[in-house]
Structures are given as C-alpha cells and as structure tokens.
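Summary of structural features
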Amino acid sequence: LDAAARRMVRTDFELFFEREEWFRQHRLPYRRGYLLWGNPGNGKSATIRVMASHPHVRSYSLDLSDLEQKTSDLHRMFEQASRNTPSLVILEDLDRAFPKEGKRTPDRTVTFQSLLNCLDGVGTQDGVIVVATANDPTRLDAAILQRPGRFDRVVWFRNPDAELRRQYYRRLNPI
C-alpha cells in the first residue's frame, strides 16, 4: 500500500476516536465518511479489513451488488450501526452498484436516494464511520461526492510503483 495513503487513512481513522469531544464542542456530527478509490488489487479492501478489526468498532456490511437486497435492509443496517457505536459501515464497489443516473439498472431494489438518505443520517448517526470503495469515482453521481458530510475523506489508492512492488515481493518471498 502506498505510504501516503496508508498514513492518511490510519492517522485520520485513529484521530477520529480521540476527537469526539472536539466534534461536540463545535456542534458537528460525530461521524466520518471515507471513499477509497483506485484500480482493483491496490489495497482498498485490505485497508477496510484492517479498519474493521479495530478493537473499538463493530462492523456492518451490505452487498449492494446483490439484487435481492432491499432498501429496508440498508436502513436496518444503518439503524443497527447507529445503535452500536462506534461502528463501521462498509459499502464496497459503490461505482458498480450506483453508477451515474443514465446507467442505473431498473431492477435494483436498493435505491440511490435511500443510500443518500442513510449517508446523510436520518438519525443522528453519531459514532458511525462509513467506508466505501470505488474503482472509478468519475462513474459516481456527483450527489455522492460533492455533498459535505457524505464522504469527508476521498483517498486515491494508486498503482504501486516499482519500489512498492519490490517491497511487496520481498514480504512474500524474503529469500
């Protein structure tokens, strides 16, 4: 994983837990949203696994690519996460589940508007962290990226350069 992306996510994620009082003093919602984007295989899901294993959080996930999922399942997941804070809501491959308006499939039962409502926090959602992945954020509707409070941190997981690939190889094969 690129050192800059790793530092940014780790530092921000850890500081979030330490700054609850600061959020409250400034009358800001105590929540955070991360959008991790980049080509497949660059560490987005691995980073989420590390975040989910944090001792302070309970993790919740819903497979948005599953056409059997319902809007009520999405709402129920966010409600459960709100009741069990601090919590981590995981939404992978957001760009495939909800591409820009013209490319949405009519058979999807979880609606884009429902997702936006959940991200905006119909309840207070204090202590809820949402982390989502996308391969190509330009495929996402602007409503998801350009509204403050939905995804506060957008982190690019770039392709590894030659040195990063060497480091990875050495970990797999120290000889």
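To start, this report covers the structure provided alongside it. (Residues numbered from 1 in each chain as written. Predicted model: local features only at pLDDT ≥ 70, side-chain atom pairs only at ≥ 80, totals over all residues. Heavy atoms only, no water.)

Now for the pattern of salt bridges. For the coordinates displayed, the defined rule picks out 12 salt bridges. Between Asp120 and Arg147 there is a salt bridge; the shortest N-O distance is 3.3 Å. With a gap of 27 residues between them, Asp120 in helix α6 (residues 112-120) and Arg147 in the loop between α7 (142-145) and β5 (153-156) connect regions that are remote in the sequence. Here Asp120 and Arg150 are joined by a salt bridge, their closest N and O atoms 2.7 Å apart. In this pair, Asp120 sits in helix α6 while Arg150 sits in the loop between α7 and β5, placing the two residues 30 residues apart along the sequence. With relative accessibility at 23%, the residue Asp120 sits in the partly exposed group. Beyond isolated ion pairs, a larger network of salt bridges with shared partners links Asp12, Arg32, Asp152 and Arg153. (Salt bridge = Lys/Arg side-chain N within 4 Å of Asp/Glu carboxyl O. Helix = DSSP H or I, 4+ residues; strand = E, 2+ residues; numbered from the N terminus. Buried < 20%, exposed > 50% of the residue type's maximum accessible area, 1.4 Å probe, protein only.)

Here we take up the pairing of strand β2 (residues 58-61). Relative to strand β3 (residues 87-91), β2 is paired through 4 bridges, and the arrangement is parallel. In the strand pairing of β3, Tyr60 is matched with Val89. Once the chain exits β2 it traverses helix α4 (residues 71-83) before rejoining the sheet at β3, and the crossover so formed is right-handed. (Pairing = 2+ DSSP bridges. Right-handed = clockwise from strand over helix to strand, strands pointing away.)

Geometrically, the link from Thr85 to Pro86 is a cis peptide bond, its omega value of -5 degrees lying close to zero. Take Pro86: it is sitting in the loop between α4 and β3. A positive phi angle is found at Arg27, which is not glycine, with a value near 55 degrees. With respect to the helices, strands and loops of the structure, Arg27 is situated in the loop between α2 (20-25) and β1 (32-37).

A word on the packing of α4 against α6. Running from N to C, α4 and α6 cross one another at 10 degrees; their axes reach a closest spacing of 10 Å. Here α4 lies roughly parallel to α6, going by the angle between them. The segment α4 lies against α6, with Thr71, Leu74, His75 and Phe78 engaging Ser114, Leu115, Cys118 and Leu119. The residue inventory of the contact of α4 with α6, partitioned by class, reads 5 nonpolar, 3 polar and no charged. (Axes fitted to C-alpha atoms, helices over the stretch in contact; angles between N-to-C directions. Parallel < 35°, antiparallel > 145°, perpendicular 65-115°, else oblique. Contact = heavy atoms within 4.5 Å. Nonpolar A, V, L, I, M, F, W, Y, C, P; charged D, E, K, R; others polar.)

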